[in-house]
Amino acid sequence: MSTSRLSEKNEGKTASERPVDISDWNRDHVRQWMLAIQMDKGYADILYNQGLNGAGLLHLKEANRLMQNLPSKAKELIFQNIDLLKDKTEKLNDMVAQSCSLKPYPFNRYDASYRYTENSILDVTETGPKDLIQPCHEFKGFTDTPGEYRMEKYTFEVIRFAAACMNSRSNGTIHFGVADDPHGRILGVSVQKTDHFDVQQKLAIERHFKEKKALKEKRAKNVQIAERERDVHIAESEQNVQMAKRCIKPPRFVEVLKVDMTFSGKYVIEVDIEPSSIVCQNVYFKTFDVKQNTSKSDDVVINDNAKNKKGGETFYVRDGSSSGNKLAEYDKYVKSNAQLFKERKDAEEKHRSVVKIHAHGSALSEMITGGTHSMDSPRFMSYIVVANKSHPVQHENLGFLLGMNLMAVLDFDPQSAENGLNKLLKEKRMFNEHLPVQYKDTGAVVDIASSLELTKITSWVFCNGGINGETPSDADKWGKEKSSSVRDVVSFLCRNVLPRKKLLVIFLLFSQVSEASDPLFQTFEMFHKELMGQNQILCMSDNETSYTYWNDLIKQQHKCDISKRIYELSLAEINGTILSLWSDMRKLIRFLPSCGGSKVALFKKTEEFLHMLSILCVNQCDGGHHDKQLHEENFDKGGKASWWNFYYSEQPGSASVIKRDKLDYIVNTIIQNMLNQKRACVFFNIFHAQGWGGTTLAMHVLWTLKEKFRCAVLKDTTDDYTAAAKQVVQLLTYKTKEQPTRLPVLVMTDHFQDILNVLTLQKQIEEECLDQHIFSKSPQVIIVNCMRVDSCEPTEGTGDAVYIPHYLSDNELKLFGEKMEEFKKTNRNTETFYVSMIVNNFSSYYIQRVVKNILKDFNFQCKNAQLFAILVLLHIYSKNALLSVSTCEEFLGLQTEAELRRVEDAFEKFSSLLKRCTVFSKVTFEGMRVIHSIIAQRCLEELSACHGLTKAQIANLLLTTALFYENTLEKQKFMQDVQDMLLKSSPKNEFSRLIQDIKKETPGMEETVLLNAAECLKSKAMHRPQI
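Colleague: Would you mind showing me how to read the overall build of the protein here?
Modeller: If you tally the helices and strands in the protein, you get 43 helices and 29 strands. Looking at the protein alone, contacts between residues at least 24 apart form 72% of all its contacts between residues at least 6 apart. For the protein, the exposed area adds up to about 46,500 Å²; of that, 49% sits on carbon and sulfur atoms.

Here is the structure:
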């Protein structure tokens, strides 16, 4: 298309874009209409210059005065067409009056279960910027554009509208397939390949937001211009393109339904523009034309001002309801809008969400069960579901319907059996499919119920056709053709099958209902009459707008709101909440908390994808008991607490985990203070000496808050903070990505050695929130950072730190004392339990007595004694070192025994000084280690003093046993631990700490150890440090 041709095409307004009311026409509209009725261009120009507008056209006397210089044939042509125009306008006005009103698709969302209906009217108008956040809108009929120019037109309009919104810093949506006259009427357009629009849009962004080479060179020569543009922050071309890509969202294709609720085969194409302050900063965006490209693969988008003096430069701004080129006023615009960046930032801050307080999750549990809060024993004997047309995105969250005792489903989607709710559910449940006429009362109630098998199999009633050749009806025809038979269904079900009080009718508002003539609302009225009110009716919608329309209809009819309604929850939250009310489901499915006391199902695939996190669910440990004695003994010997320990603590008569004094302070004060901060991610520290329960306390915080936050533990130290941040934010947005509010994530870290690590993770999480367009006035992620310190003197806690002292309070001593008494009742050896050591304040005398007693029969010739000595040496000289359980089993010969024994049993009496722990690194495995560094140190001293075992002997055994170094994934960590043990801590030191201690204890033996170490490192192809 030539430049002149496109320019002529864009002149004035097309017929479909003129206002409905002729009196609103300006002289451009009148001139364009005259040309359309074949008026001579010269005569049209005469009237244009005389200022004839729509109001003058309707007043014939005024029009006669202006047309006195026109020949009679020209006047006659005008008057004849005015009459035709009036008739057409009246018909259009009638159509608009009869059309229902629809809200536009939610801004910047793609998964919303939303459709438009043909000839409905969007209840928004084309506007300029409002508050910068509320989108401005622009409508394009897009129905008369020839096929060969369609993509040209699309990309041209998107670029122009987008640039105007970006330079005005206003959110906006451009709609293709929506008429400007009648204003906002849904037309829809046919689309063959949806991905083609996305591809061409991206190419257009790259072409039009990137400055052409010739312009750039010309600008570089003009120092004055260069200085001016630097002052107003004109972005570099490539940066400009990247910014535009972040502001201009991919096209969205909204299905258009016919009035009978079947798919029309058309879509409204929408593109959202979001020029956020974090993306655009102080940058202003010029757009640039392209030269005609002869490549057949490229669609050419011609700028509407291609012949301007700047060689194709344009500067679009929203000017009222249109996008105008203000290049000539560029400097003036930039200067007069110096505060635009701040205004946009302030507007975003004002509109940022906080966690909305509602209790729809708890209310749903109450209403769906009749107050029992259990679907195992609800007050209702049966349920009737009434539903209109569903959207495919809703189908994955309707599992709750499968477990309900459904007497009947009244389905108003004529395509339900083909691709809707019926097709979805009948794959997993048996239904009898009926038409309403089959419920007609023609005989005894018992006979009708028996023939329909109502008490045996759910009756699926197609209330608007869709089976047996019955065609669907629009709202007006449905009232005449089908409403009476549906009334028979409602009457029969409510009067003849169950007592009213034992029945709950659930209206699922999958689609918007905005007219009282809608079949779904008419059916609500039928149930309302039969059930004598709303007490037995529950209305559920995952869309607040749809609920508002529905509630308005009920208020108009009954002068009151819906008494039982759920509309603040997404379908995922509705689904998860109801599923969690079945005890069997709580055993099979893990649930995460969501807003308002609701829950969402956490699927195994998602949990495996978030592999860096150990996720704590609201129903953690429901559905079975692991080996309670194993969990408790491992924890009581100093092993890391598992969620099972907290679960057992809540059982009557159990005290698996002692409640520390700091718990309430953290939960009620620290966390609440964190929530008052403005950052997306905040953190606080729990400082503690080893063995004094800092990690257990942090886990107790998570356990206590698992229904109010989404809780997880970062499994291990990681250098990939970006990946960790992504997984934390994915947990935050899981099943809530399209929700304006969500519960924050409480994530615990336990392995960082430096606060800088926490700050790095915090920064990455905030950047990921920005990338995901997550903005909020309150924190979305709270990091609970546990950090071990050499000593933790009693210190007053600060707003972002808690200190765990190395002694117990009187209250804690009392609780630990009670636990000791519980141990004694079981006749277990409690001397090495952590409880005992804590109660005795890790007394050196107490530990020495315990160690001496256990090691009195130590024999280094025994395999278990050798392995124990190696674990002691590793614990002292290599931080966090251990041996995998499988390696211990292999060394002890357990894998060859006919009857497999636990490795703890094979260690015999030494096992009381060892504990199991789980390692999360590149692979996850269980390992064995000494329960505490003080114990390990005392054991090494005891082995040397009383059994003559030297460090050199243990080290040589460690370095010369090939079994330890066999190349399996879990042994890689062990080999790294050995290398760390041999590595010099500082270049100033002659040897590592181990070698120096060997040299002191057994002079000369260090050489043998060094030779063995060198050979070990060489033969195992390990990195050989300076040892």
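Colleague: Any chance you could explain the packing of helix H29 (residues 662–675) against helix H30 (residues 694–704) here in plain terms?
Modeller: Pairs of packed helices are described in terms of their axes, by the angle between the two and the distance that separates them. In the contact formed by H29 and H30, the axes pass within 10 Å of each other and the chain directions differ by 50°. Accordingly, the angle class assigned to the pair H29 and H30 is oblique. Every pair of crossing elements has a handedness; the one defined by H29 and H30 is right-handed. Across the interface between the two elements, Lys 662, Leu 663, Ile 666 and Val 667 from H29 touch Leu 697, His 700, Val 701 and Thr 704 from H30. Counted by class, the contact of H29 with H30 contains five nonpolar, two polar and one charged residues.

Colleague: Looking at this structure, I do not really get the packing of helix H31 (residues 721–733) against helix H32 (residues 755–771). What am I missing?
Modeller: Two numbers describe how H31 lies on H32: the axes approach to 8 Å, and their chain directions differ by 55°. Classified by the angle between their axes, H31 and H32 sit oblique to one another. As H31 runs across H32, the sense of the crossing is right-handed. In this structure, H31 contributes Tyr 721, Thr 722, Ala 724, Ala 725, Lys 726, Val 728 and Val 729 to the contact, and H32 contributes Asn 757, Thr 760, Leu 761, Gln 764, Ile 765, Glu 768 and Cys 769. Taken together, the residues of the contact of H31 with H32 break down into eight nonpolar, four polar and two charged.

Colleague: Could you clarify how one ought to interpret the nonpolar core in this entry?
Modeller: Nonpolar side chains in soluble globular proteins tend to end up buried together. Membership of the largest hydrophobic core comes to 63 residues, with the highest contact counts inside it found for Leu 855, Phe 858, Phe 868, Leu 883, Phe 907, Phe 964 and Tyr 965. In terms of residues, this core owes the most to one element, helix H36 (residues 863–877), which gives 11 residues. If we ignore the near neighbours within four places in the chain, the residues touching Leu 883 are Leu 867, Ile 870, Leu 871, Leu 874, Cys 888, Gly 927, Met 928, Phe 964 and Phe 974. Formed by 41 residues, the second largest nonpolar core is a distinct cluster that contains Tyr 648, Ala 689, Trp 692 and Trp 703.

Colleague: What am I meant to see in the sheet that holds strand S25 (residues 781–788) here?
Modeller: Strand pairing in a sheet relies on backbone hydrogen bonds, with the paired strands running either antiparallel or parallel. Spatial strand order, S21-S23-S24-S25-S22-S26: six strands in an open sheet with mixed pairing. Sheet topology places strand S21 (613–616) and strand S26 (801–804) at the edges, where each strand pairs with a single neighbour. Averaged over all pairs of adjacent strands, the angle between their axes in this sheet comes to 20°, without regard to strand direction. Note: strand S22 (residues 681–688) against S26, four bridges, orientation parallel.

Colleague: When you look at the pairing of strand S13 (residues 406–411) in this model, what are you seeing that I'm missing?
Modeller: Within a regular strand, the side chains alternate between the two sheet faces. Among the six residues of S13, six are classified as buried, and the element is accordingly described as predominantly covered. Pairing of strand S12 (residues 382–387) with S13, which is carried by five bridges, proceeds in the parallel orientation. Bridge pairing in S13 places Val 385 opposite Val 409. Two strands pair when backbone bridges link them, and S13 and strand S15 (residues 458–462) are joined in this way by four bridges, in the parallel orientation. Looking at S15, one finds that Asp 411 is bridged to Phe 462.

Colleague: What is the right way to look at the environment of Val 903 in this model?
Modeller: With respect to the secondary-structure elements, Val 903 resides in helix H38 (residues 903–907). Residues Val 903 and Asn 864 lie 39 residues apart in sequence; the distance between their C-alpha atoms is 9.8 Å. When near neighbours in sequence (up to four residues on either side) are disregarded, Val 903 contacts Val 885, Cys 888, Glu 889, Leu 892, Leu 894, Arg 916 and Met 928.

Colleague: Would you mind going over the packing of aromatic side chains with me for this structure?
Modeller: Going through the model one piece at a time under the given rule, you end up with 38 aromatic pairs. Between the aromatic rings of Phe 197 and Phe 253, the centroid separation amounts to 5.8 Å while the plane-to-plane angle is 70°, which identifies the pairing as edge-to-face. Residue Phe 197 is located in helix H8 (residues 194–208), and its partner Phe 253 is located in strand S6 (residues 252–257); the two are separated by 56 residues in the primary sequence. Centroid distance Phe 521 to Phe 524: 6.1 Å. Interplanar angle 20°. Geometry classified as stacked.

Colleague: Is there a simple way to explain helix H3 (residues 41–49) in this structure?
Modeller: The α-helix advances 3.6 residues per turn, and as a result positions three or four apart in sequence lie on the same side. The backbone nitrogen of Gly 42 has a side-chain oxygen 2.8 Å away, supplied by the residue at the start of H3, namely Asp 40. Directly beyond the C-terminal end of H3, a positive phi value near 85° is found at Gly 51.

Colleague: It is not clear to me how the environment of Thr 125 should be interpreted in this structure. Could you clarify?
Modeller: Mapped onto the fold, Thr 125 is located in the loop between strand S3 (121–122) and strand S4 (136–140). By relative accessible area, Thr 125 is classed as partly exposed at 42%. A C-alpha to C-alpha distance of 6.9 Å links Thr 125 and Gly 184, two positions 59 residues apart in sequence.

Colleague: So what exactly am I meant to see when it comes to the sheet that holds S12 here?
Modeller: Taken in spatial order, the seven strands make up an open sheet running S14-S15-S13-S12-S16-S17-S18, and their pairing is parallel. The open sheet terminates on both sides in strands that have one partner only, identified here as strand S14 (431–434) and strand S18 (565–566). In this structure, strand S17 (residues 537–540) lies alongside S18, joined through two bridges in parallel fashion. When the sheet's bridge partners are listed, Met 540 is paired in S18 with Ile 566.

Colleague: What's the story with H31 in this structure? I'm lost.
Modeller: With 13 residues, H31 should cover 18 Å at 1.5 Å per step; its first-to-last C-alpha distance of 18 Å lies within 8% of that length. Every buried residue of H31 is accounted for by Tyr 721, Ala 724, Ala 725, Gln 727, Val 728, Val 729, Leu 731, Leu 732 and Thr 733. Looking at the residues trailing H31, positive phi occurs at Lys 735, about 60°.

Colleague: I keep staring at the confidence of the model for the protein and nothing clicks. Help me out?
Modeller: In low-pLDDT segments, the atomic positions of the prediction should not be examined closely. Summary statistics for the protein give a mean pLDDT of 82 and a share of 84% for residues scoring 70 or more. Note that pLDDT drops below 50 for residues 1–13; the model gives that stretch 20 contacts with residues more than four away or on any other chain. Note that residues 290–311 has pLDDT below 50 and, in this model, 45 contacts with residues that lie over four places away or in other chains.

Colleague: Would you mind going over the pattern of salt bridges with me for this structure?
Modeller: Side chains bearing opposite charge may pair, as long as their charged atoms lie close to each other. This model, assessed by the stated rule, comprises 41 salt bridges. The salt bridge partner of Arg 318 is Glu 138, with a shortest N-O separation of 2.5 Å. Of the two residues, Arg 318 is situated in strand S10 (residues 316–319) and Glu 138 in strand S4; the sequence distance between them amounts to 180 residues. Like Glu 138, Arg 318 is buried. Close ionic contact of Arg 938 with Glu 942 constitutes a salt bridge, the shortest N to O distance being 3.3 Å. With a gap of four residues between them, Arg 938 and Glu 942 both fall in helix H39 (residues 933–947), about one helical turn apart.

Colleague: Sorry if this is basic, but what is going on with the side chain of Asn 551 here?
Modeller: Relative to the helices and strands, Asn 551 resides in helix H23 (residues 544–558). Asn 551 gets classed as buried once you look at its relative accessible area, which sits at 7%. Not counting the four nearest positions on each side in its chain, Asn 551 is found in contact with Asp 561 and Ile 562.

Colleague: Help me understand the pairing of strand S24 (residues 745–749) in this model?
Modeller: Of all five residues in S24, five are buried, a share of seventy percent or more. Both faces of S24 are covered, namely the face carrying Val 745, Val 747 and Thr 749 and the face carrying Leu 746 and Met 748. Sheet topology places strand S23 (residues 710–714) next to S24; four bridges connect them, and they run parallel. When the bridges of S24 are listed, Cys 711 appears paired with Leu 746. Taken together, the five bridges between S24 and S25 define a ladder with parallel strand orientation. Note that in S25 the partner of Val 745 across the bridge is Val 781. In this region the chain leaves S24, passes through H32 and returns to the parallel neighbour S25; the handedness of that crossover is right-handed.

Colleague: How should I be thinking about unusual backbone geometry in this particular structure?
Modeller: Phi is positive for Asn 468, which is not a glycine, with a value near 55°. Along the chain, Asn 468 turns up in the loop between S15 and helix H20 (475–481). The phi torsion at Glu 908 lies on the positive side, around 55°, for a residue other than glycine. Inspection of the secondary structure assignment puts Glu 908 in the loop between H38 and strand S28 (914–920).

Colleague: I tried to follow the side chain of Glu 889 on my own but got confused; where do I start?
Modeller: With respect to the helices and strands, Glu 889 occurs in helix H37 (residues 885–891). The charged side chain of Glu 889 is buried without a salt bridge, its nearest counter-charge being Arg 916 at 5.2 Å. Apart from the residues lying within four places of it in its own chain, the contact partners of Glu 889 are Leu 894, Gln 895 and Val 903.

What counts as what
- Residues numbered from 1 in each chain as written.
- Predicted model: local features only at pLDDT ≥ 70, side-chain atom pairs only at ≥ 80, totals over all residues.
- Heavy atoms only, no water.
- Helix = DSSP H or I, 4+ residues; strand = E, 2+ residues; numbered from the N terminus.
- Contact = heavy atoms within 4.5 Å.
- Areas by Shrake-Rupley, 256 points an atom, 1.4 Å probe, with all protein chains shown as cover.
- Axes fitted to C-alpha atoms, helices over the stretch in contact; angles between N-to-C directions.
- Parallel < 35°, antiparallel > 145°, perpendicular 65-115°, else oblique.
- Left-handed = near helix turned anticlockwise from the far one by under 90°.
- Nonpolar A, V, L, I, M, F, W, Y, C, P; charged D, E, K, R; others polar.
- Core = buried A, V, L, I, M, F, W, Y, C linked by side-chain atoms within 4.5 Å.
- Buried < 20%, exposed > 50% of the residue type's maximum accessible area, 1.4 Å probe, protein only.
- Pairing = 2+ DSSP bridges.
- Phe/Tyr/Trp six-rings, centres within 6.5 Å; stacked < 30°, edge-to-face > 60°.
- Polar contact = N/O pair within 3.5 Å; in protein donor to acceptor, adjacent residues only side chain to side chain.
- Expected span 1.5 Å × (residues − 1).
- pLDDT = per-residue confidence, 0-100.
- Salt bridge = Lys/Arg side-chain N within 4 Å of Asp/Glu carboxyl O.
- Right-handed = clockwise from strand over helix to strand, strands pointing away.
- Lys, Arg positive; Asp, Glu negative; His and termini not counted.

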